[in-house]
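A structural walkthrough
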Amino acid sequence: MKKNKNSQASPQTAADPKSFPWWMAAFGAIVVAFAIYSPSLSGQFVYDDLNLPFLNDRYARLPFSAWIAGVRPMLMASYWVNFQIGGLDTTSYHVFNVLFHALNAVLVGLAVRKLAGGNEAWLGLLAGALFVAHPLNTEAVSYVASRSENLTVLLFLGAFVAFLYRRSREIDWGTAAVVLVLFGMACLSKEYAVTLPVLLLLTDLYFNEAGPKSNWRVYAPVALGALAGVYFVWGVLTKSTTAGFGLKDLSASDYFFTQCRAIWVYVLKFFVPVGLNVDYDFAISRSLMDHGAVIGLVALVAVSGAAFWFRKEFPLASYGWFVFLLLLAPTSSFVPIADVLVERRAYLPSFGLLLIVAEIARRVPVQRLAWVVPVAVFAVLTFGRNQLWADPIALWKDAAEKSPKKWRVQFQVADALYRNGDCAQAAAAFEQTSKLDKPDYRVLINWAHALDCSGQAEPALAKAQEALQLEQTGQAYAFVGMQHAKAKRYDEALTALNQAIAKDPNFDPAYAYRGNVYALQGDMERAAADYKRAVELNPSNDMAARGLARANRR
């Protein structure tokens, strides 16, 4: 591929980034980011946030080494810092996400400025401003569980910018080491960072007259690391229940055909960010002709062909299109993922689309200040989107309006209502959920809790018993035991609670509930033993601690 001499200044002649006050841009990005994300800075944990491991009471007692022992140690290390700062107070988690986002905007700006070449620093400023203000990025920032996105992108883009701003055409060992370290850290945050070597190669093919061989110092070790990363990712995908080739109802071909359409949704939402949704109801294409997948595929081939054909005339746009596809490939190609369309997946790939915008901006004869308009519009939309993310009920009701037939969305509405203490409304919402699809264990047991909370004890017991017919869990048996105890059916209560403990000997509420039953029967010795065991399993179990104190006073 013939290199584009005018697109990217060579490392020898490129202006030093210090020639522009990028520290001012960084400060501005941070101020803007915190302003437009301010509504959600104290937002609650939502959706998959509630499955983060440190929300388990036992996690608080684990050492740092246990936190980072999993597959994403860099990610978990960042959560550990948040946990040390404020426990489960969400503010520091959100502050970190917004800060990472602002820094990512600066890195995007630096990368675009370098790739644009010449004295077009304003294109970098434009790209960074659009990135920090874009509403499509909201999910990747306001969603605590999406730390895996914005932290990975920070490290990924850090490595890429270090590569771009090397001091000479041939990368030296010091810069190569920086790239390698950041690349490794990115891979330890989220697996899709393994695409970095391909991005570096694509960049050299487009913009480096000496070609990739001049940067062998970084390619050789990165290639080995990438191969190891691919091997690791393959192992994860073969074992995961939410992604990989083992998914029961979603084959690789189904996923590929579906992504031929989904990719265009990401493009549309980037250029026209309206109708954003936390949980899309997106139909699966089981064949090339299903739901218009063939149109999406033809369009992808056509645009890719045009991008290659016009690579000399429009180098930034051509390169940007292939960067977009490359960075989207890990999640939007043929490896099945249960959720086929998720906005946060466009967070890093949008860098490629911003390069296309930069190509347009430097060619369209309009005043540069005119670009303030879309940035301002995006900022207003993002602020509004964050008002939704600040309120789980509002967020999921918004999703329910856009995905009215998706049972998971209605379930999340019900769950948000229950967590807010609106028990009667939650019970009604769980009933609505059950009408969209046959209720599973999770729906039934949560429905039971909502009914109990709203004072409907017998219907609650009935729902819990239905749940037990699907899954025999310690949680469900304990709930049944608690309901029997409230009705003073102590023998039935003890039977259910014994079954709960047999199913899950580490489920501390079951011991606390059984301790209550023994106390009601006057058997304080057994009550004290159960309360003590519950506190041993979970020192945060206040009910058990209070019961133990009462038992010891008698």
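Right above here is the structure, for reference.
Everything quoted here is computed from the prediction, not taken from an experiment.

Cut-off values and rules
Residues numbered from 1 in each chain as written. Predicted model: local features only at pLDDT ≥ 70, side-chain atom pairs only at ≥ 80, totals over all residues. Heavy atoms only, no water. Axes fitted to C-alpha atoms, helices over the stretch in contact; angles between N-to-C directions. Helix = DSSP H or I, 4+ residues; strand = E, 2+ residues; numbered from the N terminus. Parallel < 35°, antiparallel > 145°, perpendicular 65-115°, else oblique. Left-handed = near helix turned anticlockwise from the far one by under 90°. Contact = heavy atoms within 4.5 Å. Nonpolar A, V, L, I, M, F, W, Y, C, P; charged D, E, K, R; others polar. Patch = residues over 30% accessible without salt bridge, like charges linked within 9 Å, V, L, I, M, F, W, Y side chains within 5 Å. Areas by Shrake-Rupley, 256 points an atom, 1.4 Å probe, with all protein chains shown as cover. Salt bridge = Lys/Arg side-chain N within 4 Å of Asp/Glu carboxyl O. Lys, Arg positive; Asp, Glu negative; His and termini not counted. Charge placed at Lys NZ, Arg CZ, Asp CG, Glu CD. Disulfide = S-S within 2.5 Å. Buried < 20%, exposed > 50% of the residue type's maximum accessible area, 1.4 Å probe, protein only. Core = buried A, V, L, I, M, F, W, Y, C linked by side-chain atoms within 4.5 Å. Phe/Tyr/Trp six-rings, centres within 6.5 Å; stacked < 30°, edge-to-face > 60°. Lys NZ or Arg CZ within 6 Å of the ring centre and 35° of its normal. Expected span 1.5 Å × (residues − 1). Arc of directions from axis to C-beta.

Let us now look at the packing of helix α18 (residues 423-436) against helix α19 (residues 441-453). Put simply, α18 and α19 touch, their axes get as near as 8 Å, and they point 150° apart. On the basis of their axis angle, the class for α18 and α19 is roughly antiparallel. When you trace α18 past α19, the crossing you get is left-handed. Residue-level contacts link C423, A426, A427, F430, E431, T433 and S434 of α18 to V443, N446, W447, A450, L451 and C453 of α19. Classifying every residue of the contact of α18 with α19 gives nine nonpolar, three polar and one charged.

The next subject is a positive patch on the surface. A cluster of basic residues, R546, R550, R553 and R554, forms a positive patch at the surface. Secondary-structure assignment places R546 in helix α25 (residues 542-553).

Bringing the packing of helix α12 (residues 293-309) against helix α13 (residues 315-328) into the picture now. Direction vectors running N to C along α12 and α13 enclose 140°, while the axes themselves pass 8 Å from each other. Judged by the angle between their axes, α12 and α13 are oblique. Crossing geometry of α12 relative to α13 is assigned as left-handed. Two secondary-structure elements touch here, α12 through L300, V303, S304, A307 and F308 and α13 through S318, W321, F322 and L325.

Here we take up the state of the cysteines. The tally for this structure, following the rule as stated, stands at one disulfide. Each sulfur in the disulfide pair C423 and C453 lies 1.7 Å from the other. Disulfide C423-C453: the torsion about the S-S bond is 45°, which places it as right-handed. Here C423 is found in helix α18, whereas its partner C453 is found in helix α19, with 30 residues between them in sequence. Residue classification places C423 among the buried positions, given a relative accessible area of 7%. For C453, a relative accessible area of 41% corresponds to the partly exposed category.

Residues L115, F156, F160, V218, Y319 and F351 are the most contacted members of the largest nonpolar core, which totals 103 residues. Residues within four places of V218 in sequence aside, it is in contact with F163, I171, A176, V179, L180 and L200. Counting 72 residues, the second largest nonpolar core, distinct from the first, contains L75, Y93, L444 and A512.

Below, the discussion takes up the packing of aromatic side chains. For the structure on display, the rule yields 27 aromatic pairs. Measuring from centroid to centroid gives 6.4 Å for Y47 and Y143, while their planes differ by 15°, and the two rings are stacked. Taken as a pair, Y47 in the loop between α1 (22-36) and α2 (64-67) and Y143 in the loop between α6 (138-142) and α7 (147-164) lie far apart in primary sequence, 96 residues in all. A residue is classified by how much of its surface remains accessible, and Y47, at 13% relative accessible area, is buried. Pairwise contacts between aromatic rings join F45, F54, Y59, W67, Y79, F83 and Y93 into one cluster. Its guanidinium or amino end placed over the ring of Y165, K114 lies 5.6 Å from that ring's centre, counting from NZ or CZ. For K463, the ring lying beneath its charged end belongs to W447, and the centroid distance is 4.0 Å.

Below, the discussion takes up the pattern of salt bridges. As a working rule, side chains carrying opposite charge can pair if their charged atoms are close by. One pass over the structure, following the stated rule, counts 20 salt bridges. D279 is the salt-bridge partner of R408, the closest N and O atoms lying 2.7 Å from each other. With R408 in helix α17 (residues 407-419) and D279 in the loop between α11 (252-271) and α12, this residue pair connects regions lying 129 residues apart in the sequence. Just as R408 is buried, D279 falls in that class too. A salt bridge links R526 to D523, with the shortest nitrogen-to-oxygen separation between them at 3.6 Å.

With that out of the way, let us pick up helix α22 (residues 490-503). Counted at 1.5 Å a residue, the expected span for α22 with its 14 residues is 20 Å, and the 20 Å between its end C-alpha atoms agrees. By the burial criterion, the buried members of α22 are A493, L494, A496, L497, A500 and I501. Across the axial projection of α22, the buried residues extend over an arc of 165°, all falling on one side. Exposed residues pointing more than 90 degrees away from the buried face of α22 are listed as D491 and A502.

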